[in-house]
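# Chain and residue survey
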Amino acid sequence: MTWDFAGRDILSIRDFSRGEVDHVLDVARTMIPAARGEASDRSLQGKVLGTLFFEPSTRTRLSFESAMNRLGGSVLGFADPTVTSLTKGETLADTVRMVESYADAVVLRHPHEGAARLAAKFASIPVINGGDGAGQHPTQTLLDLYTIWSEKGGIEGKKVALLGDLKYGRTVHSLAYALTLYGVELFTVAPPQLQMPAEITQYVKEQGMPLESTSSLEEVIGELDVLYVTRIQKERFPDPTEYQKVAGIYRVNKRLLRDAKPDLIVMHPLPRVDEIDPEVDETPHAKYFVQAFNGVPVRMALLSLIFGGVE
Ligand code: NCD
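What counts and how
Position numbers for residues start from 1 in each chain and track the written sequence from start to end. Given that this is a predicted model, residues contribute local features only at a pLDDT of at least 70 and side-chain atom pairs are listed and counted only at 80 or more, while totals for whole chains, interfaces and linings are drawn from all residues. The basis for every side-chain value is the complete set of non-hydrogen atoms in the structure, without hydrogens or water. Going along the chain from the N terminus, every DSSP run of H or I of four or more residues is numbered as a helix, and every run of E of two or more is numbered as a strand. Any residue under 20% of the maximum accessible area for its type is buried, any over 50% is exposed, and the rest in between are partly exposed; the area is computed with a 1.4 Å probe on protein chains only. By the convention used here, residues are in contact when the closest approach between their heavy atoms is within 4.5 Å. The term polar contact refers here to a pair of N or O atoms within 3.5 Å; inside protein, the definition further demands a hydrogen-donor-capable atom paired with an acceptor-capable atom, and it admits residues adjacent in sequence only when both atoms are side-chain atoms. Consider each residue's heavy atoms; a residue with any of them within 4 Å of a molecule or strand counts as near. For the area figures, the Shrake-Rupley method with a 1.4 Å probe applies, and any residue is considered shielded solely by the protein chains shown. For cavity detection a 1 Å grid was placed over the protein atoms alone, and a set of points counts as a cavity when a 1.4 Å probe fits there but cannot get out; an open set counts as a pocket when protein lies on both sides within 12 Å along at least five of seven lines, with lining residues being those that have an atom within 4 Å of a point. Occupancy of a cavity or pocket is assigned to a molecule whenever over half of its atoms lie within 2 Å of that pocket's grid points. A strand pair is defined by DSSP finding two or more bridges across the two strands. By the criterion used throughout, a crossover qualifies as right-handed when its path from the first strand across the helix to the second strand runs clockwise, the strands pointing away from the viewer.

### Some remarks on the environment of R251
- Considering the arrangement of structural elements, one finds R251 in the loop between α9 (240–246) and α10 (254–257).
- The exposure class assigned to R251 is partly exposed, which follows from its relative accessible area of 40%.
- On a C-alpha basis, the gap between R251 and V273 in space is 9.8 Å, while along the polypeptide they are 22 residues apart.
- With residues up to four places along the chain from it excluded, the contact list for R251 reads D274, E275, D277 and P278.
- Among the polar contacts listed, one links the side chain of R251 to the side chain of D277, at a separation of 3.2 Å.

Have a look at this one:
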């Protein structure tokens, strides 16, 4: 099988076939020693990645930087758009057109849904969506799938719950689509006002995948193989009083996990606020820090494929 990743934009997880996702995960596994700094790989020497972050980020930006550095490439960009010419009124289109003369690919995070797709229209270099508003976060999904795959020995047929802000959370939007490539038993656990958008649940059902929606985590915790927790996306609420009604609504703690299967894994894209009690960190269920590390080998794999460093 030959793969066609070279020079490609990564805008939505829906652009991936099952075979393509599996291939990224396979390549990611081979990147682990270099991701840990235990092996040397300079295959992206001379390549430059531009990181344009119009919204706060810790893991996504730093793991892209780490991935490039571990492969001998380099990074330029900004984490704070207030220091750029955007404050002078420069458009996203012009910003992207400029960056393409300084970099070989660009990662864009932006508060507006569809921003990465728009940027890709103006750029001749590959554009990677590092999160577009409440839209998609495809590279997070690849590392989430890698985490389930490596921790549970596979993805197919697992019982997976998505918990928290399923309305505004882009990580769970992308992940729900991606899980249909494998076929899992999906549970969406959220208060009624933060349930998954209907177009996504409808798509999941059309793929013939079992989906159960509830607001009670206690009801389903005992069945689960994977609990994917998300932060209530405060910054996306049009009305702060609506946020106050749901803030702190779920808290995963040791007491709740007493009813879980011993091998349940708890994931979270991070940052967490109060939805996972820190006492859970020391339990064997906690996989969110491993998940954050997995961002490095997965992004190394993706960058290598896009830059043609590996096939
Ligand atoms: C997430 C995001 O930015 O969508 N974080 C991340 O990329 N790891 C989740 C969040 O902000 O809650």
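### Brief notes about the site of the ligand
- All residues adjacent to the ligand are T60, R109, H137, Q140, R170, T171, R231, Q233, P269, L270 and P271.
- Within the side chain of H137, an N or O atom sits 2.8 Å from an oxygen atom of the ligand.
- Taking 310 Å² as the accessible area of the ligand by itself, protein coverage stands at 94%.
- More than half of the atoms belonging to the ligand lie within 2 Å of the grid points that define the largest pocket.

### So, the pairing of strand β5 (residues 159–163)
- Taken across its 5 residues, β5 has 4 buried, putting it largely inside the fold.
- With 5 bridges joining them, β5 and strand β6 (residues 185–189) adopt parallel strand pairing. Bridge assignment links L162 to a residue of β6, and that residue is T188.
- As for the winding sense of the linkage, the β-α-β connection from β5 through helix α6 (residues 170–179) to β6 is right-handed.

### Comments concerning the environment of E218
- On the secondary structure map, E218 appears in helix α8 (residues 217–220).
- It is 49 Å that separates the C-alpha atoms of E218 and E90, two residues lying 128 residues apart in sequence.

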